[in-house]
Amino acid sequence: MRGLLRRAEKEVETSKNARLPAVRLPPEVLQYIFRLASLQAKDVSRSPSCIRIATGDIWSFVEPVPTKVAILASVCRRWRSVALADSALWNTISDRRDRRPLVVSQGSRSAALELRLLASPSYQLRALLQSEGHRVRAIEWDKANARREDLALLATPACRLEKLVLGMNPHLPYIDTHTLTAWLAPQAPSLRQLTLRDCASVSGCAFPRLTGLHLDACPSLFDCDDLLGLLTRAPNLTDLVLSRLHLDMVEGALAPVMLPRLRRLVFADTVRGNVGRFLTRIALPTTASIRIHAFESSAPSDALDAEWLSSLAKTPALGNAAELFVAEHSDTFVAGPAAAVCFVQEDKAQPHAQRRVSAQTPAWDARAVLSHVLALAPIRKAWLLAEDGIAGISSLPPSVDTVVVQDTGLTALLGVLDRKAQATPSEGEGVSISGATDTHARGPLGLTVQVLMTRFVSVDVVLGKVAQRADARNMHVAIGCLPSYMGDRTCPAGFGDAFASLRFEAYQDLPAMVLPDVCMERAHCLWPAWVE
């Protein structure tokens, strides 16, 4: 009797659960929800100077968590059957850590597998790869505690890789170029994304489908020609990331290597001299943008900055740049119509223990290169929305005809204009800019100053500061009122003839420069959207 009563109670509870919306969902919807729940976003902060971001697989913004799938499969019998029927939920195998995906994959051959290895492959995994019907499309083998013969896994018939992240353990015996090339050669025709960390160089392999390449601390790439030889064998490369590399350039005038499809070039934790050497040996297309991760300056050197930035100025990204953008707590952008350069500003609030400070760390700060950029690039419009950015500028070049500044930084900007005026010819000689001559004053002729009113500073005060200048009658002044501005938005009296022109504008949002499309799309962990 008691057994019948317990059975009846279970049936009643089951009938109640059957009416729940979560139980009545179609299997396809449940599988889609399970797939979303089994992924977690990587901790990608704005400043990728954290060690966690520059290591591992930079090509994916999310990573699967197989343990979450196991938890979902243990909720009820229906959820378990739905989860086990979807092979895509179990295609990520973390060998020697979680055996459940491996067990499920042994009975399913429909989904391509992704392997995450930390040591030598287990016997069960080797048996799975030797069986028919399985295919491995991606391997993440970072800091591999593996032996030389373990790399034979890359030559198994089941491996037809599209992505490979291979990081060797520097404390284990070194695997030379010949051995690595022999094991990697079968995968070279199908690879689309490749990361080599602490590895030997790969010689002789052609990568016809490779679009993303990340080289990190590869000890054999001391010669820049080794790297260039690898790039010539990847004609469809669109993303190139170089981090912690030492590159020595061979003397002699050699033809630069053409990278016709490259769209994104990243330098991370690489000394500025190596950046300049590499840029002199390649030819970038007009649509290739560059992202350089800078760090807080410890030993600034104007000579070194001028040397490597002169190489950067020969690239289309900086050579065709027309706008400069500097804002508080933001990176520094230099943009043209088709490409841009980003000098990544390290987050100084980040704990010092998490910063990538090493012997290879660049000894310069993103703000320290502003004067060199203004001198080398044909900048016409400068967005100086950070006071520390204005302080790093000695003077504005003649090419600049528009300056955007916040009301709190107007005094610093006027100081920059004063230093420019002191560098111009004396009174009476005139100043020639863009074919015109200023016989009235010594300041910049036809300069447009756009002041963004932020909170409480009075418009009278702002216009009064600008009107006191001797060259005020030659300047075009624009007052832009942001939504946060609480002061009077009407034009005060007495300034009608003080400037060449005066206008008022109202903004719904903080204005900013327009960046090329390639800068606004996420490509990998070291290339987030430049402006969110």
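Before any of the text, the structure's been laid out above.
## Structural notes on the side chain of T270
On the secondary structure map, T270 appears in the loop between β11 (264-268) and α11 (272-279). Judged by its relative accessible area of 6%, T270 is buried. Looking at T270, its side chain comes within polar contact range of the main-chain nitrogen of R244, at 3.4 Å. Separated by 3.2 Å, the side chain of T270 and the backbone oxygen of A268 make a polar contact.

## Quick notes on the nonpolar core
Ranked by internal contacts, the top residues of the largest apolar core, which has 108 residues, are I139, F207, L265, F278, L312 and F343. Filtering out sequence-adjacent residues up to four positions away, I139 remains in contact with L115, L117, L153, L154, C159, L161, K163, L164 and V165. One finds W383, L385, L515 and V518 within the second-largest nonpolar core, a separate group that totals 25 residues.

## Considerations on the side chain of Q450
Take Q450: it is sitting in strand β21 (residues 448-453). Here Q450 falls in the buried class, since its relative accessible area comes to 6%. Among the polar contacts made by the side chain of Q450, one reaches the side chain of Y507 at a distance of 2.4 Å. Once residues within four sequence positions are removed from consideration, Q450 is found in contact with V403, V404, V405, A478, E505 and Y507.

## So, the pattern of salt bridges
In the structure shown here, the tally under the stated rule is 13 salt bridges. The partner of E162 in a salt bridge is R135, and the shortest N-O contact between them spans 3.1 Å. With a gap of 27 residues between them, E162 in strand β6 (residues 159-168) and R135 in the loop between α8 (123-130) and β5 (136-145) connect regions that are remote in the sequence. Judged by relative accessible area, R135 falls into the partly exposed class, the value being 23%.

## Structural notes on the packing of helix α3 (residues 27-37) against helix α6 (residues 77-85)
Where α3 meets α6, the closest approach of the two axes is 10 Å, and the angle between their N-to-C directions is 75°. When the axis of α3 is compared with that of α6, the two are roughly perpendicular. Each of P27, L30, Q31 and F34 in α3 lies in contact with α6, whose residues at this interface are R78, W79, V82, A83 and A85. Taken together, the residues that form the contact of α3 with α6 break down as 7 nonpolar, 1 polar and 1 charged.

## Section: α8
Every buried residue belonging to α8 is among L125, L128 and L129, and all of these are buried. Axial view of α8: buried residues confined to an arc of 95°, hence all on one face. Exposed positions of α8 whose direction lies more than 90 degrees from the buried face are Y123 and Q130.

## Here we look at the pairing of strand β8 (residues 212-216)
Burial analysis of β8 places 5 of its 5 residues in the buried class, the great majority of the element. Of the two faces of β8, the one carrying G212, H214 and D216 and the one carrying L213 and L215 are both buried. Two elements, strand β7 (residues 193-197) and β8, share 5 bridges in a ladder whose sense is parallel. If you follow Q193 over to β8, its bridge partner there is G212. Of the strand pairs in this sheet, β8 and strand β9 (residues 239-243) are connected by 5 bridges, and their pairing is parallel. Residue pairing across strands places L213 opposite L240, the latter belonging to β9.

Scoring rules and cut-offs
Residues numbered from 1 in each chain as written. Predicted model: local features only at pLDDT ≥ 70, side-chain atom pairs only at ≥ 80, totals over all residues. Heavy atoms only, no water. Helix = DSSP H or I, 4+ residues; strand = E, 2+ residues; numbered from the N terminus. Buried < 20%, exposed > 50% of the residue type's maximum accessible area, 1.4 Å probe, protein only. Polar contact = N/O pair within 3.5 Å; in protein donor to acceptor, adjacent residues only side chain to side chain. Core = buried A, V, L, I, M, F, W, Y, C linked by side-chain atoms within 4.5 Å. Contact = heavy atoms within 4.5 Å. Salt bridge = Lys/Arg side-chain N within 4 Å of Asp/Glu carboxyl O. Axes fitted to C-alpha atoms, helices over the stretch in contact; angles between N-to-C directions. Parallel < 35°, antiparallel > 145°, perpendicular 65-115°, else oblique. Nonpolar A, V, L, I, M, F, W, Y, C, P; charged D, E, K, R; others polar. Arc of directions from axis to C-beta. Pairing = 2+ DSSP bridges.

Shape descriptors only; they carry no functional weight alone.
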